[in-house]
2 protein chains.
Amino acid sequence: MPRFRLKLAFLGTDFHGWQVQQNARTVQGTLNEALSRLFEEPISAVGCSRTDAGVHAEEFVCHFDAAKSFPAERLPMALNPLLPDSVAALSCEEAESGFHARFDCTGKIYRYDIFNSPLRHPFYENRAARIPRKLDVEKMRREAQAFLGEHDFSSFMAAGSDIKSTVRTVFSLDLQQKGDLVSLTVAGNGFLYHMVRIMAGTLIERNFGKDLLPIPEILAKKDRNFAGVTAPACGLYLQNVFYE
Amino acid sequence: MPRFRLKLAFLGTDFHGWQVQQNARTVQGTLNEALSRLFEEPISAVGCSRTDAGVHAEEFVCHFDAAKSFPAERLPMALNPLLPDSVAALSCEEAESGFHARFDCTGKIYRYDIFNSPLRHPFYENRAARIPRKLDVEKMRREAQAFLGEHDFSSFMAAGSDIKSTVRTVFSLDLQQKGDLVSLTVAGNGFLYHMVRIMAGTLIERNFGKDLLPIPEILAKKDRNFAGVTAPACGLYLQNVFYE
């Protein structure tokens with residue numbers, strides 16, 4: 001039974017995230033439907049991670065098994081007409097039978113886009129979080145360095161998560177400004193639920209002098225209550241997914 | 001009676017162009033409605049040019065008169081909540097009473113975005129024209145130079161236009177490639193109806209060896225039938241509008 005490894009991109013605006021849910025439009029549900037039509041058998045894809053409603057992906061990897069064979073390199077071309085405009089297959093290959101999109105993932109890069117302008121702009125609607133007040137990007141960049149390395153990120157995890165370890169390693173972290181667009185790019189071996197959005201929200205709130213501890217102290221508290229707000233979903237992009 | 005000069009940006013996807021039409025949603029109609037609500041009097045804006053259905057603007061200038069006064073610099077902030085997500089005011093100033101958004105315009109820059117990929121991508125949907133076959137961008141850049149300078153652009157004008165002169169000057173012309181995105185940027189003192197879209201369509205068709213004359217000869221024919229197709233509206237952006 002061939003296993004396929006499929007790379008997608010999607011605009012998350014119209015979806016309630018990746019994960020299949022009852023009575024909600026999800027990327028996984030939409031993809032499963034299209035794959036099942038293409039293969040004429042029930043197909044269920046396994047994704048590299050969950051994503052929240054409104055979160056986008058420039059690169060999202062999933063795997064699935066099919067009883068029928070299909071030339072993998074031709075799959076995106078055949079699948080895309082069965083998917084809505086907001087989702088597209090970018091590439092596909094046959095994977096080893098043991099390949100698992102989630103468990104084998106060794107790292108990810110997320111990008112958080114902030115449109116830093118007092119006025120909204122139609123091109124960034126739902127594609128970046130708008131922050132009206134002027135950000136001190138230099139200060140954000142300086143402060144963000146505290147996230148680098150291995151830390152217990154409990155303070156930067158949404159309450160209610162049920163996982164074994166809250167220790168994650170941030171490999172690299174970068175802040176870029178291009179006109180009114182400020183992008184925070186974070187590479188790590190894994191991310192807790194809402195981690196990047198809470199990191200972004202905390203950096204923004206500290207930027208505006210909100211009464212929050214310095215980042216190293218927030219990390220040390222291991223308590224969500226000490227970090228800043230969860231920044232809006234529409235600014236978050238899963239940008240790259242890595243495997244061995 | 002104060003005259004205002006207003007700068008907008010819009011995503012043209014959901015509009016039947018700028019110009020007011022009966023029974024069609026247009027940018028001008030939508031703007032007039034919002035301005036009339038804000039000023040509590042009937043307002044009618046005059047735009048720097050017509051745009052086709054689906055064409056976008058990064059910078060579109062218009063003017064309007066109002067009986068009431070209003071602090072111009074605060075107008076965008078007050079107007080934007082009355083406009084749909086796909087249109088936003090970027091800036092506003094009081095203009096001299098003789099200012100005319102269309103007649104006083106001394107130049108414009110248009111950009112034509114091509115997403116050059118066999119597979120569609122959700123981020124470029126309606127925001128670039130997708131060309132599946134690989135373009136030779138170097139060849140396009142070389143050929144495009146023939147548009148530079150003053151020419152009779154009759155061959156690059158949609159049939160049915162009713163204007164006095166078909167002579168226009170192209171000041172500069174540039175082709176940039178960034179990954180799969182190819183952008184043709186053209187600055188000129190004025191543009192005929194569909195001119196940039198026919199220029200783009202002709203460059204693309206010549207790129208694929210379609211039986212078309214070289215650009216200088218097409219220009220010399222002064223006949224629309226010798227140029228290539230009109231490239232899709234969704235790739236076109238009015239990028240800048242210039243005044244003395």
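To be clear, the structure that these remarks concern was listed above.
About the thresholds
Residues numbered from 1 in each chain as written. Chains lettered and ligands numbered in written order. Predicted model: local features only at pLDDT ≥ 70, side-chain atom pairs only at ≥ 80, totals over all residues. Heavy atoms only, no water. Helix = DSSP H or I, 4+ residues; strand = E, 2+ residues; numbered from the N terminus. Rg over C-alpha atoms; globule rule 2.2 N^0.38 Å. Buried < 20%, exposed > 50% of the residue type's maximum accessible area, 1.4 Å probe, protein only. Areas by Shrake-Rupley, 256 points an atom, 1.4 Å probe, with all protein chains shown as cover. Axes fitted to C-alpha atoms, helices over the stretch in contact; angles between N-to-C directions. Parallel < 35°, antiparallel > 145°, perpendicular 65-115°, else oblique. Left-handed = near helix turned anticlockwise from the far one by under 90°. Contact = heavy atoms within 4.5 Å. Nonpolar A, V, L, I, M, F, W, Y, C, P; charged D, E, K, R; others polar. Least-squares fit on C-alpha atoms with pLDDT ≥ 70 in both. Phe/Tyr/Trp six-rings, centres within 6.5 Å; stacked < 30°, edge-to-face > 60°. Lys NZ or Arg CZ within 6 Å of the ring centre and 35° of its normal.

Chemist: Please clarify how the overall build of chain A should be interpreted in this entry.
Modeler: A tally of helices and strands in chain A yields five helices and 10 strands. In terms of overall size, chain A behaves like a compact globule, its C-alpha atoms giving a radius of gyration of 19 Å where 244 residues would be expected to give roughly 18 Å. Considering chain A as a whole, with its 244 residues, one finds that 56% of them fall into the buried category. A total accessible area of about 11200 Å² is found for chain A, and carbon and sulfur atoms account for 48% of it.

Chemist: Got a minute to help me understand the packing of helix α3 (residues 137-144) of chain A against helix α4 (residues 195-207) of chain A in this structure?
Modeler: For any two helices packed against each other, one specifies the inter-axial angle together with the distance between the axes. Residue and element names in this part refer to chain A. The geometry of α3 relative to α4 is characterised by a closest axis approach of 10 Å and an angle of 130 degrees between their N-to-C directions. Between α3 and α4, the crossing angle belongs to the class labelled oblique. α3 and α4 meet at a crossing whose hand is right-handed. Of α4, the residues touching α3 (which contributes Lys139, Met140, Glu143 and Ala144) are Leu203, Ile204, Arg206 and Asn207. Looking at the contact of α3 with α4 residue by residue, the class counts come to four nonpolar, one polar and three charged.

Chemist: Can you walk me through the relation of the copies chain A and chain B in this structure?
Modeler: Two chain copies, one operation linking them: a rotation about an axis together with a shift along it. Each copy of the sequence occupies a distinct position, and chain A is placed on chain B by a rotation of 180 degrees and an axial shift of 0.0 Å, giving an RMSD of 0.0 Å. What we have between these two chains is a two-fold relation. By C-alpha distance to the rotation axis, the residue of chain A lying nearest is Phe123(A), at 5.5 Å. Same-surface contact between copies: 100% of interface residues of chain A are shared with the interface of chain B.

Chemist: Can you help me understand the packing of aromatic side chains in this one?
Modeler: The geometry of an aromatic ring pair is captured by two quantities: the separation of the ring centres and the angle between the planes. On inspection of all chains with the given rule, the structure shows 26 aromatic pairs over all chains. Centre to centre, the rings of Phe39(B) and Phe70(B) are 5.5 Å apart; their planes meet at 50 degrees, and the pair counts as tilted. Here Phe39(B) is found in helix α1 (residues 27-39), whereas its partner Phe70(B) is found in the loop between β3 (56-65) and α2 (75-79), with 31 residues between them in sequence. The residues Phe39(B) and Phe70(B) share a single accessibility class, namely buried. Grouping aromatic residues by their ring pairs yields a cluster made of Phe4(A), Phe39(A), Phe64(A) and Phe70(A). Seen from the ring of Tyr237(B), Arg111(B) lies directly overhead, with NZ or CZ sitting 4.4 Å from the centre.

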